Amino acid sequence: MIKQATYYKPLSLQEAWETARQHAQDFRFIAGGTDVMVNRFQGNENSNCLIDLTAIAALQEVKIKGAYVSIGAGVGLNDLKKHALITDEFPVLIEAAAAVGSPLIRNSATIGGNVLCENRCIFYNQSEWWRDAVGFCLKCEGNICIATGSKKHCYSEFVSDTAPALIAMGAMIELMDEEGIKLVKLEDIFTGDGIQPRNLQPLALIIAIQLPLKQGFRAVFQKLRQRESMDFTSLTAVVSIDVHEKIRIVLGGVDPKPVVVEGDTHADKEELIRQAIKKSRAIDNEMFSRTYRREMIGVFLRRAFTQLAI
Ligand SMILES: Cc1cc2nc3c(=O)[nH]c(=O)nc-3n(C[C@H](O)[C@H](O)[C@H](O)COP(=O)(O)OP(=O)(O)OC[C@H]3O[C@@H](n4cnc5c(N)ncnc54)[C@H](O)[C@@H]3O)c2cc1C
Ligand code: SF4
């Protein structure tokens, strides 16, 4: 049965922050709720306090800030395409957002929530009674990883579809935590540990995601999944190239964190592919096998290089 929680709906960042501080030991921010609520139904998220961020106007803004476009963390995935600032310079972000879940999910889901979507594993994203019957694993207070037999590491997968596109275009996140407001490279918040996938402080609140303007990005987004209509990723691959001919490859779905490989147009492309596959610590913890997904990395990257003519 889903656990009851005290529910708050602050109207400002300051109020949200204060409320979080008062419940520091046991709260969860909630935006669209499409990840949080499913995890609550499955007994994987049991906070006693939920702080709903959807009434905070400052999180809904899309604006130019210096050399960046700043996208409020609360902007809905379906609403990104309404902003010319995004569609004109970052069309691949619209494509990535459109690949998340189903239309119903995208109507509620936000970009901030997507970037912080919880890591997934077929042995973890199950009902509580299922996990109890099989035996709880490291990510939910058990003492062994069911997928690998390891007693130390969890390889639950990083599955956000927009984060690889954002990282490929040099995104920064603006966040508020115990130290004040700061800007952090998006890729730096991911730890690579499936149990604690992010290194954010407990009270960290994402205000916005910033993308650098005038970089002339060209990018290709590809996603492998069982059903086009709504499934989570089994492999997300984004390849971008900027005005300086710098190439960024970012993969999701094949490691507990985004896999990033960089090069330039003169780099040996097969070598970039080898590096991407080598860095991906995919295991057999979802519907497609590890071997198949690793092979598909090469397929997707070669297709992207051809499309980008690099
Ligand atoms: C059937 C189904 C299919 C799905 N398919 C996909 C898919 O294909 N690809 C994909 O990427 N995701 C998928 N999802 C997961 C989820 O819907 C998305 O990741 C969604 O974008 C999450 O956004 P949200 O606003 O609903 O986040 P929420 O569920 O509200 O929050 C997610 C996390 O982010 C935190 N959070 C949210 N906003 C902030 C903020 N401003 N500051 C600090 N913390 C914050 C929350 O505390 C929570 O930990 C799917 C979900 C379902 C149910
Ligand atoms: S990878 Fe292992 S420890 Fe992590 S969620 Fe899956 S079964 Fe659990």
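Structural notes, computed from the coordinates. (Residues numbered from 1 in each chain as written. Chains lettered and ligands numbered in written order. Predicted model: local features only at pLDDT ≥ 70, side-chain atom pairs only at ≥ 80, totals over all residues.)

### Focus: the pairing of strand β3 (residues 49–52)
Move 1: Judged from the 3 bridges that link them, strand β1 (residues 6–8) and β3 form a sheet pairing that is parallel. Paired with T6 across the strands is C49, a residue of β3.
Move 2: Read from strand β2 (residues 27–30) through helix α2 (residues 36–41) to β3, the crossover connection turns out right-handed. (Pairing = 2+ DSSP bridges. Helix = DSSP H or I, 4+ residues; strand = E, 2+ residues; numbered from the N terminus. Right-handed = clockwise from strand over helix to strand, strands pointing away.)

### So, unusual backbone geometry
Move 1: The phi dihedral of E141 is positive, around 70°, even though this residue is not glycine.
Move 2: By secondary structure assignment, the location of E141 is in the loop between α7 (128–134) and α8 (162–168).
Move 3: Not every positive phi belongs to a glycine, and K214 is a case in point at roughly 60°.

### Let's talk about the site of ligand 1
Move 1: Near ligand 1 lie 32 residues; those nearest to it are G32, T34, G101, G113 and N114.
Move 2: Looking at side-chain class alone, the shell around ligand 1 contains 18 nonpolar, 11 polar and 3 charged residues. (Near = placed C-beta within 6 Å. Nonpolar A, V, L, I, M, F, W, Y, C, P; charged D, E, K, R; others polar.)

### What about the nonpolar core?
Move 1: Core analysis: the biggest nonpolar cluster contains 88 residues, and A165, L166, A219 and V239 have the highest contact counts within it.
Move 2: Setting aside chain neighbours within four positions, we find A165 in contact with V92, L93, A96, A219, F221 and V238. (Core = buried A, V, L, I, M, F, W, Y, C linked by C-beta atoms within 7 Å. Buried ≥ 20, exposed ≤ 12 C-beta atoms within 10 Å, placed from the backbone. Contact = placed C-beta atoms within 7 Å.)

### Thoughts on the sheet that holds strand β12 (residues 259–264)
Move 1: Spatial ordering of the open sheet is given by β9-β10-β11-β12, a layout of 4 strands whose pairing is antiparallel. In this open sheet, the two edge strands, each paired with only one partner strand, are β9 (218–224) and β12. Taking each pair of neighbouring strands and ignoring which way they run, the sheet shows an average axis angle of 10°.
Move 2: Against the sheet, helix α9 (residues 269–279) engages β11 (246–252) and β12, with an angle of about 165° to β12.
Move 3: Lying on the sheet, helix α10 (residues 290–308) is in contact with β9, β10 (235–241) and β11; it crosses β10 at an angle near 30°. (Axes fitted to C-alpha atoms, helices over the stretch in contact; angles between N-to-C directions.)

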